[in-house]
Amino acid sequence: MASDLLNLGSQSVLTAQRQLNTTGHNISNVNTEGYSRQSVIQGASTPRQYGGETYGMGVHVEKVRRSWDQFAVNELNLSTTNYAFKRDVEENLEMLSSMLSSVASKKIPENLNEWFDAVKSLADTPNDVGARKVVLEKAGLITQNLNEFHETIRRQSDVTNKKLDLGIERMNQLALEIRDVHRLMMRTPGPHNDLMDQHEKLIAELSEYTKVTVTPRKNAEGFNVHIGNGHTLVSGASASKLQMIDGYPDVHQRRLAMIEGKGIKPITTKDIDGKIGAMLDMRDEQIPYLMDELGRMAASFSFEVNKLQSQGLDLRGNVGGLMFTDVNAELVAKSRVVTPSDSNADVAAFIEDTSQLTSGEYSLQYNGSDYIVTRPSGEQVAMQLSGNALFIDAFALKCVAALLPESVS
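Residues numbered from 1 in each chain as written. Predicted model: local features only at pLDDT ≥ 70, side-chain atom pairs only at ≥ 80, totals over all residues. Heavy atoms only, no water.

Caption draft 1: Expanded view of the nonpolar core. If you look at the biggest cluster of nonpolar residues, it comprises 29 residues, and the most contacted ones within it are Met171, Leu206, Leu233, Leu242 and Ile276. In terms of nonpolar packing, the next biggest core, distinct from the first, is built from 21 residues, Leu146, Ile153, Leu294 and Phe324 among them. (Core = buried A, V, L, I, M, F, W, Y, C linked by side-chain atoms within 4.5 Å. Buried < 20%, exposed > 50% of the residue type's maximum accessible area, 1.4 Å probe, protein only.)

Caption draft 2: Highlighting helix H6 (residues 274-309). Between its first and last C-alpha, H6 extends 51 Å over 36 residues, near the 52 Å set by a 1.5 Å rise per residue. Maximum bend of H6: about 40 degrees, positioned at Met282. (Helix = DSSP H or I, 4+ residues; strand = E, 2+ residues; numbered from the N terminus. Expected span 1.5 Å × (residues − 1). Bend = angle between axes of the 7 residues up to and from the residue.)

Caption draft 3: How the structure looks around the sheet that holds strand S6 (residues 223-227). Across the sheet, which stays open at both edges, the four strands sit in the order S5-S6-S7-S8 with antiparallel pairing between neighbours. Each end of this open sheet is capped by a strand with a single partner; those strands are strand S5 (212-216) and strand S8 (238-239). As defined by bridge partners, S6 adjoins strand S7 (residues 231-235) across four bridges and the pair is classed as antiparallel. What sits directly across from His226, in S7, is Thr232. Contacts from helix H4 (residues 129-187) reach S6, S7 and S8 within the one sheet, and its direction differs from that of S7 by about 45 degrees. The strands touched by helix H5 (residues 193-209) are S5, S6 and S7; relative to S5, the strand with the most contacts, the crossing angle is about 150 degrees. (Pairing = 2+ DSSP bridges. Contact = heavy atoms within 4.5 Å. Axes fitted to C-alpha atoms, helices over the stretch in contact; angles between N-to-C directions.)

Caption draft 4: Structural context of the confidence of the model for the protein chain. Looking at the protein chain, pLDDT values average 86 and 97% of them are 70 or higher. Looking across the protein chain, the model is least confident in strand S18 (residues 407-408), with a mean pLDDT of 52, and most confident in S6, with 94. In the predicted structure, residues 402-406 sits below a pLDDT of 50 and forms 18 contacts with residues beyond four places in sequence or in another chain. (pLDDT = per-residue confidence, 0-100.)

Caption draft 5: Spotlight on the packing of H4 against H6. Their axes nearest at 10 Å, the elements H4 and H6 cross at an angle of 170 degrees. With respect to H6, the element H4 is oriented roughly antiparallel. With respect to the hand of their crossing, H4 and H6 are arranged in left-handed fashion. (Parallel < 35°, antiparallel > 145°, perpendicular 65-115°, else oblique. Left-handed = near helix turned anticlockwise from the far one by under 90°.)

Caption draft 6: Looking closely at the sheet that holds strand S9 (residues 241-245). With antiparallel pairing, three strands are arranged side by side in an open sheet as S9-S10-S11. Only two strands of the sheet have a single partner each, and these edge strands are S9 and strand S11 (263-266). Direction aside, neighbouring strands of the sheet carry axes that sit 35 degrees apart on average. Sheet topology places S9 next to strand S10 (residues 255-260); five bridges connect them, and they run antiparallel. If you follow Met244 over to S10, its bridge partner there is Leu256. Sitting on the sheet, H4 is in contact with S9 and S10, with an inclination near 160 degrees to S9.

Below you can see the structure in the form of structure tokens.
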């Protein structure tokens with residue numbers, strides 16, 4: 001009995017010591033980012049039987065519990081993703097708004113007004129050679145300013161692509177760090193309170209870049225970490241890699257893909273959200289819309305001015321020539337169409353009616369009997385060839401060489 005009493009006392013002292021150690025651990029990590037408070041859960045030791053009676057054997061530590069709530073963590077990660085997406089979208093819109101209110105953009109309407117004033121002056125004195133030169137000079141300023149502003153917007157798209165590369169690189173680093181934490185968990189007996197803090201800290205940072213879902217694996221083999229709409233970035237002790245690959249049909253419109261072993265699988269970015277989603281939205285939606293509107297204005301203006309020029313005569317009595325580049329020049333018309341790299345078709349999009357020009361992209365596919373045109377709104381229209389062309393809204397799609405491709409954009 002003396003030995004039992006000694007064991008009981010020593011076990012109680014050890015239990016109290018472990019509680020003090022845990023309390024000290026909590027105090028030491030009060031300023032540690034991502035640390036979760038731990039508490040000792042104690043329980044009564046198994047009693048013993050003596051002379052038909054049951055005698056208690058003191059206390060012991062059952063486990064060290066981590067103060068943690070799965071629902072709260074999931075909601076925090078989701079909120080982090082949504083906040084990062086909306087914050088970056090707002091910053092991108094503010095940046096584009098500042099571009100539209102910049103000195104360079106304000107020159108566009110100023111140059112247009114000056115050109116109209118010059119045309120009005122020329123109409124009053126049509127034989128004045130100096131007035132004609134002023135009109136041409138003002139037209140050159142319009143062209144120069146529009147081209148410079150267009151290039152400024154295009155460079156912003158390049159900047160966004162570089163930011164995407166950096167974001168993807170950081171996500172790959174996080175995937176490797178999460179994988180390493182899983183391996184540590186598998187090599188050491190649990191509970192893994194401090195490792196779980198480290199794991200959740202990495203998940204929280206990953207949530208800034210994309211939507212993240214974490215599910216436990218069987219037999220204590222770590223976790224599965226999914227991004228977007230279910231793509232597995234980390235599976236237990238292995239991690240996949242994200243990469244930007246050539247787009248389709250436009251190779252310059254790069255897509256997000258996941259490398260799994262030796263395979264490369266393009267992934268949809270519809271539910272990516274976070275910083276990556278905001279950058280993709282900037283590159284694929286906001287910047288193209290701005291460039292489309294700028295291009296629509298430039299094309300309509302030059303088309304109508306050239307049309308009026310062809311209805312008049314110059315000083316020598318000849319039919320007026322083009323003041324701006326012909327929007328339906330073959331090189332320009334062909335530049336409006338992007339075909340897949342495996343297609344040998346040569347298609348051009350000629351503008352027939354500037355009043356029907358809209359923002360966005362059209363896509364064309366051949367299903368064996370009809371050509372299916374998808375408008376920017378998503379509406380699909382089945383069409384038949386009329387001669388060697390397809391007519392849709394403002395455009396006439398004409399085959400310059402070979403046949404119309406199975407898919408163009």
